[in-house]
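Summary of the model geometry
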Amino acid sequence: MLKEPLENPACIECGLCREVCPMFLILRQERISPRGLAILADEGVASVTFYQCTLCRACRVVCPVGHDPAGERIRGQVVAQGVETEANRIMIANIRQYGNPFGPLKEGEIPKTLTCC
Amino acid sequence: MMDLASLQTLVGPENVSASLEDRLVYGRDASRLRGECLAVAWPMHPEQVVALVEWARAEAVDLVPRGAGTGLCGGATPQRSLVADLSRLTRIESVDVEQRRARVQAGVVLETLNRRLALAGLFLPVIPGSHRSASIGGMIATDAAGLRAVRYGVMRDWVEEVTLVDGLGRVHRLSGDALNHAAGREGVTGFITEATVRLAPLPRQRSISLMAFDDEAALLAQRRRWLVPELTALEYLNRHAAAALGWEPRPHLLAEFDSAQGEIREPARIAELWRQRDGLYPVLAASGRWLIEDPQVEEDNLVALLSWLDAEQIPAFGHLGVGIVHPCFRPNDERIAALYELVAGWGGQVSGEHGIGLKKKAWTDDAFRAQIRQLKAVYDPQGLINRGKLC
Ligand SMILES: Cc1cc2nc3c(=O)[nH]c(=O)nc-3n(C[C@H](O)[C@H](O)[C@H](O)COP(=O)(O)OP(=O)(O)OC[C@H]3O[C@@H](n4cnc5c(N)ncnc54)[C@H](O)[C@@H]3O)c2cc1C
Ligand code: SF4
Ligand code: SF4
């Protein structure tokens, strides 16, 4: 049942950032909103949900208390706990081995270009 | 154990979840109470809400309606319940520019609607501080007021009709006096799935006056002078709240007019002032003062209320045009009880706009509880929807 309310210094869970998050705008599911991610981080849940954050930091811009989703750091911790998506695992392995995220290139092949939005 | 597989066949497998992550995040709303969520469903159409209620009746699972989860009194906090998140009911079904009305689904976000309406020179003028996220369904359920209440009143004043799915799965179209069976009832009578709302013309002009005062008495004298027909907002910050925003630590009044009466007229400066004002509660909450109250008192008692809060060094702000004040406390502050004793003595309201939810049940009276029980007997005799809220 109801537990005592606790302090969450990082995010005060007001929900004012929901509608700027590109992932929330598509999925409309609290878990994949800045507030949802902050709650999961607060609860210490290692989840693949953190890979669904684009790290765009739009939430940081509108958050009245300047909460930073700290996406890269959290993702590092999640990887350290062995929770990883297949795509992430392959990408990291390729970067380490071939110096690009896509894997081995044929003779003369130009690497695909990584583009931003 | 409830049969989630059968619910998935009714609303689609991707619209039901009992994952640890979903249960955790839907256990909370902006009230920061922590409840227990058993599962979540995201109806995609109003008809799926009917199917969900019928399923819940068969399974004897209680349901919690949820909009954007920005409510501050635990109305959307589950207590071993399934949360029905209406955030995917986002259709703006029609806009009648001539008649100035719109038909929308409950999950439509106020800001999204108003951005669409701006093209036609219209807006829904009830603007809570949470306007960027709050849903129309949640705003009707809480009878939200907000920044422009002094001019435009509360949400109920702008609702023409609501479609309500009650605890027996029946669909009602409520209008006139019957609107009160859904508006301001915080979901205890059922799910608002759609609504027809009235719209207002967008003001052609806006200006703001921002003034600091030596004390609350001087501020209230200015309040009376600013209560003119062009006034669209009248916001108060006591010196403790002003200091939290980095403003001079004196009581402030921010008045907005739909004329050139105010000295601040540049749209960018006006937007920046409203941005700071919208962020005031989050800033106070981040400093540990996240228990926000919302008493409402008559004009005659404002000076006593504001002076008491100031003397107790409690940061407070609010919609002074309509007598709603938001003192912000740290948890377990015994002065909250003292505050409500004072407010009751003055014949004021425990909740001017946020609602009762779970947090304020202790402050309601017998007449209110009897009224809610009567409504429950008609709309939700099995006590399936928002169990334990309001009374
Ligand atoms: C920073 C901040 C500022 C705020 N400023 C204001 C303000 O100025 N004025 C004001 O009035 N409020 C304010 N609020 C409170 C809150 O935003 C309002 O109460 C708002 O109307 C809640 O809308 P929601 O969609 O988030 O509803 P939720 O929080 O999801 O739900 C609120 C209640 O309504 C019920 N409910 C939600 N949707 C439905 C539905 N479709 N059918 C039936 N019941 C439903 C829920 O069960 C719950 O009891 C503020 C909140 C924050 C965090
Ligand atoms: S950084 Fe992540 S959580 Fe924040 S808005 Fe971007 S996608 Fe959403
Ligand atoms: S990240 Fe900021 S805006 Fe979003 S819920 Fe937390 S405190 Fe509110």
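Further up the page is the structure itself.
These remarks concern the structure in this document. (Residues numbered from 1 in each chain as written. Chains lettered and ligands numbered in written order. Predicted model: local features only at pLDDT ≥ 70, side-chain atom pairs only at ≥ 80, totals over all residues. Heavy atoms only, no water.)

**Things to note about the overall build of chain A**
- Secondary structure summary: chain A contains five helices and zero strands in total.
- Of the regular secondary structure in chain A, the N- to C-terminal order runs α-α-α-α-α.
- Relative to all contacts within chain A whose residues are 6 or more apart in sequence, the contacts with residues 24 or more apart total 40%.
- A total accessible area of about 6,800 Å² is found for chain A, and carbon and sulfur atoms account for 59% of it. (Helix = DSSP H or I, 4+ residues; strand = E, 2+ residues; numbered from the N terminus. Contact = heavy atoms within 4.5 Å. Areas by Shrake-Rupley, 256 points an atom, 1.4 Å probe, with all protein chains shown as cover.)

**Remarks on the site of ligand 2**
Residue and element names in this part refer to chain A.
- The environment of ligand 2 is made up of Cys21, Pro22, Pro34, Leu37, Cys53, Thr54, Leu55, Cys56, Arg57, Ala58, Cys59 and Pro69.
- Listed by contribution, the elements that provide at least two residues to the shell around ligand 2 are α2 (34-43) and α3 (58-62).
- Along the lines of polarity and charge, the residues of the shell around ligand 2 split into 10 nonpolar, one polar and one charged. (Near = heavy atom within 4 Å. Nonpolar A, V, L, I, M, F, W, Y, C, P; charged D, E, K, R; others polar.)

**Remarks on helix α1 (residues 4-11) of chain B**
All names here are of chain B.
- Here α1 has its buried residues at Leu4, Leu7 and Val11. What you see down the axis of α1 is that its buried residues fit within an arc of 55°, all on one side.
- Each element contacted by the buried residues of α1 is listed here: β1 (16-17), β2 (36-41), α3 (46-59) and β4 (79-85).
- Of the residues that open α1, the one with a side-chain oxygen 3.3 Å from the backbone nitrogen of Ala5 is Asp3.
- Once α1 ends, the next one or two residues include Gly12, with phi positive near 100°. (Buried < 20%, exposed > 50% of the residue type's maximum accessible area, 1.4 Å probe, protein only. Arc of directions from axis to C-beta. Polar contact = N/O pair within 3.5 Å; in protein donor to acceptor, adjacent residues only side chain to side chain.)

**Re the environment of Arg250(B)**
All names here are of chain B.
- Along the chain, the position of Arg250 falls in the loop between α8 (239-244) and β14 (252-257).
- The exposure class assigned to Arg250 is partly exposed, which follows from its relative accessible area of 27%.
- Sequence separation of Arg250 and Asp143 is 107 residues, and the distance between their C-alpha atoms is 32 Å.
- Here Arg250 is in contact with Ala212, Phe213, Asp214, Leu237, Asn238, Arg239 and Ala242, once residues within four sequence places are set aside.
- A polar atom in the side chain of Arg250 sits 3.4 Å from the backbone oxygen of Phe213.

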